[in-house]
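Residues per chain are reported as follows:
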Amino acid sequence: MLKVLLVDDEMYIRKGMHELIDWHSLGMEIAGEAENGLEALNKAECLHPDVIITDIRMPILDGLELIRAVDKSPTLEPVFIIISGYHDFKYAQQAIRYGVQDYILKPIDDEEMTATLQKAANLIQNKRKHAFLEEGQASRIMLKDMIKGQIRKEDEIRYAEMLGIDHQTSLIIVLFELQTGSEHRKVTLHQVNEILHSLADHRFNLYVIEEQLGRFALIVLLKEPSPKQRVVDKIKWIQNMLSDHLGADVGLYAGTLIDDMSDAPRSYAEAEEASKHKFAEHGSVVHYAEVKDKALYVFNINQEEVDPLILSLEERNREARHEIVHDMFNKFHSRRFSTQAVTGSLLRCITGILAVVHEMGGTDAGLQKLKLLAEQGQDGWNLRLLKIAFLTALEEAEEYIAQLRMEQSKGDINKIKRYIDSHYMENISLKSIAAQFYMNPVYLGRLFRKSYNQYFNEYLLNLRVQEAQKLLRQTDLRMYEVAARIGFQNADYFVTQFEKIVNMTPTAYRNLLKEDGQRGAQ
């Protein structure tokens with residue numbers, strides 16, 4: 001597979017490219033994405049992409065600067081395709097000067113892009129065929145040609161001799177996937193070759209080619225006739241050795257045993273089909289022969305199954321959440337969900353959670369783990385790792401929803417405080433205000449105290465007494481009139497509460513003010 005790096009600062013453009021093009025039919029795969037030229041340069045140095053599709057105008061490092069930087073690199077020789085919404089021929093001229101394969105204007109036409117990519121693929125293949133190659137590189141290209149069915153009839157004997165295949169040799173194609181989940185771990189072809197070289201003996205040989213990052217194709221050559229069970233045991237043993245040496249989960253997906261090199265594409269296609277059953281089978285090795293007659297469930301879970309999960313997040317019911325996720329993943333396995341159906345089901349959950357967050361005034365930025373999970377495919381995952389990652393992302397979502405609710409509550413409590421400040425002279429109570437704002441009075445009392453560090457009744461009394469002091473200073477109203485003005489139905493009760501706060505009666509407070517005024521006039 002030719003590796004493609006997508007570079008565009010608009011996420012929706014990158015996502016659209018996933019759906020727009022049938023990458024597999026072109027012999028290509030999207031190995032990575034980047035939002036700007038600098039990020040793309042760093043990823044290119046790690047991924048060594050065959051094709052880079054890049055926008056022109058991007059932050060930090062634009063498309064042309066990226067092309068210049070890659071052009072100077074001694075280890076990178078990708079084919080560049082530029083996409084841009086800017087009808088400026090100067091950019092095209094500069095791009096062509098740096099060897100850009102094509103320049104495509106947005107909006108992207110799928111037929112035009114497919115034709116351009118096919119042209120790029122042909123260019124790369126021709127380069128490789130005519131370049132001086134080391135023996136290891138040559139053998140890998142031969143192996144790719146073999147499993148893709150691209151060997152000419154007249155070259156079969158030469159290929160067989162170079163790979164050590166004779167009339168007694170049988171072979172099987174096995175896809176090998178490193179399963180590290182969200183842990184982006186780099187395993188090189190050299191590392192895998194070293195491990196496999198140590199496993200080979202006089203009875204069988206192992207060849208490996210890198211399909212994509214973390215995914216390899218193994219060609220297992222058996223030099224003597226082997227019963228089916230011995231082949232099964234051998235593949236399981238290889239899986240155990242790879243897992244032990246790499247210190248990670250490893251999934252192996254095997255085609256059927258073949259006797260003719262020309263049948264290699266069929267065994268390879270069977271291995272691909274077996275990989276689609278990885279969430280439905282027990283263990284880390286899936287054989288096509290064992291799953292070929294088993295149907296996969298290809299639909300997403302229903303919204304009715306998603307709603308209880310969202311409710312558990314809103315109610316912060318962790319026990320219910322864990323039980324729902326446990327049942328969901330058991331269903332994925334027992335009902336034999338395809339990898340696409342598992343992906344779609346989790347996306348439905350994530351979409352529902354995002355909708356709740358948006359309704360509460362939140363943004364996607366508060367759900368980074370769910371967002372990353374949604375953006376990743378299911379390569380490099382098994383159900384165990386996927387379940388752990390999903391539960392971890394749901395914990396983040398629960399905390400964020402709780403935070404949004406707290407912020408929302410703060411907004412509500414501010415409204416309530418303004419209401420009290422405007423209606424303190426009326427016969428209001430915690431119960432009547434709670435009813436006014438459709439809240440539980442006990443919850444309202446706790447929220448008020450937490451927000452303003454005093455009880456509701458204490459705040460209301462202080463507010464009324466402050467207004468009483470103002471009326472005593474500025475008017476000649478009688479005590480019962482002052483009491484009525486500030487919301488007290490009983491004048492004696494008003495006097496008692498006033499004295500409790502001010503440490504003197506309302507009459508004493510007024511007389512004190514008169515005495516101070518008389519002394520000031522003398």
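For the structure, check the block above.
These numbers were taken from a predicted model, which means no experiment stands behind them.

Peer 1: How should I be thinking about the packing of helix α12 (residues 303–314) against helix α14 (residues 339–359) in this particular structure?
Peer 2: Helix-helix packing is characterised by the crossing angle of the two axes and by the distance between the axes. Put simply, α12 and α14 touch, their axes get as near as 10 Å, and they point 50° apart. Between α12 and α14, the interaxial angle falls into the category oblique. In this structure, α12 crosses over α14, and the sense of that crossing is right-handed. Across from Gln303, Val306, Leu309, Ile310, Leu313 and Glu314 in α12, the residues of α14 making contact are Arg348, Cys349, Gly352, Ile353 and Val356. A breakdown of the residues in the contact of α12 with α14 according to their chemical character gives 7 nonpolar, 2 polar and 2 charged.

Peer 1: What's the story with the pattern of salt bridges in this structure? I'm lost.
Peer 2: Any two side chains of opposite charge can pair if their charged atoms end up close together. Enumeration over the complete set of coordinates arrives at 17 salt bridges. Between Arg266 and Glu270 there is a salt bridge; the shortest N-O distance is 3.2 Å. With Arg266 and Glu270 both in helix α10 (residues 264–275) and 4 residues apart, this pair spans about one turn of that helix. Judged by relative accessible area, Arg266 falls into the partly exposed class, the value being 39%.

Peer 1: Is there a simple way to explain the sheet that holds strand β5 (residues 102–105) in this structure?
Peer 2: Hydrogen bonding along the main chain pairs the strands of a sheet, whether they run parallel or antiparallel. Spatially, the 5 strands line up as an open sheet ordered β2-β1-β3-β4-β5, and their pairing is parallel. Two strands bound the open sheet, and with one partner strand each, they are β2 (28–34) and β5. Between one strand and the next, the sheet's axes are offset by a mean angle of 20°, whatever the strand orientation. Of the pairings in the sheet, the one linking strand β3 (residues 51–55) to strand β4 (residues 79–84) comprises 5 bridges and is parallel in character. From the neighbouring strand, Val51 faces β4, where its bridge partner is Val79.

Peer 1: Would you mind going over the packing of aromatic side chains with me for this structure?
Peer 2: Working definition: an aromatic ring pair is given by the centre-to-centre distance plus the angle between the planes. All told, the structure shown has 15 aromatic pairs when counted by the stated rule. Ring centres of Phe176 and Phe216 lie 5.2 Å apart, and the angle between their planes is 20°; on these two criteria the pair is classed as stacked. Of this pair, Phe176 sits in strand β6 (residues 170–179) while Phe216 sits in strand β8 (residues 215–222), placing them 40 residues apart in sequence. Given a relative accessible area of 0%, Phe216 falls into the buried group. Aromatic rings pair up to connect Tyr297, Phe299, Phe329, Phe332, Phe337 and Phe390 into one cluster.

Peer 1: How should I be thinking about the side chain of Ser275 in this particular structure?
Peer 2: With respect to the element layout, Ser275 can be found in helix α10. Judged by its relative accessible area of 11%, Ser275 falls in the buried class.

Peer 1: Would you take a moment to explain a negative patch on the surface for this structure?
Peer 2: On the surface, Asp9, Glu10, Glu35 and Glu375 cluster together into a negatively charged patch. Mapped onto the elements, Glu35 comes out in the loop between β2 and α2 (37–47).

Peer 1: Sorry if this is basic, but what is going on with the nonpolar core here?
Peer 2: Nonpolar side chains in soluble globular proteins tend to end up buried together. Counting residues in hydrophobic clusters, the biggest one holds 36 residues, and the most contacted among them are Phe332 and Phe390. Counting only elements with at least two residues in this core, the list comes to α12, α13 (318–334), α14, α15 (368–375) and α16 (383–423). Here this core takes 12 residues from α16, the largest share from any one element. Each residue touching Phe390, except ones within four places of it in the same chain, is listed here: Leu309, Val325, Met328, Phe329, Leu346, Cys349, Leu370 and Leu373. Counting residues in hydrophobic clusters, the runner-up holds 28 residues, among them Phe176, Val220, Leu222 and Leu242.

Criteria and thresholds
- Residues numbered from 1 in each chain as written.
- Predicted model: local features only at pLDDT ≥ 70, side-chain atom pairs only at ≥ 80, totals over all residues.
- Heavy atoms only, no water.
- Axes fitted to C-alpha atoms, helices over the stretch in contact; angles between N-to-C directions.
- Helix = DSSP H or I, 4+ residues; strand = E, 2+ residues; numbered from the N terminus.
- Parallel < 35°, antiparallel > 145°, perpendicular 65-115°, else oblique.
- Left-handed = near helix turned anticlockwise from the far one by under 90°.
- Contact = heavy atoms within 4.5 Å.
- Nonpolar A, V, L, I, M, F, W, Y, C, P; charged D, E, K, R; others polar.
- Salt bridge = Lys/Arg side-chain N within 4 Å of Asp/Glu carboxyl O.
- Buried < 20%, exposed > 50% of the residue type's maximum accessible area, 1.4 Å probe, protein only.
- Pairing = 2+ DSSP bridges.
- Phe/Tyr/Trp six-rings, centres within 6.5 Å; stacked < 30°, edge-to-face > 60°.
- Patch = residues over 30% accessible without salt bridge, like charges linked within 9 Å, V, L, I, M, F, W, Y side chains within 5 Å.
- Areas by Shrake-Rupley, 256 points an atom, 1.4 Å probe, with all protein chains shown as cover.
- Lys, Arg positive; Asp, Glu negative; His and termini not counted.
- Charge placed at Lys NZ, Arg CZ, Asp CG, Glu CD.
- Core = buried A, V, L, I, M, F, W, Y, C linked by side-chain atoms within 4.5 Å.

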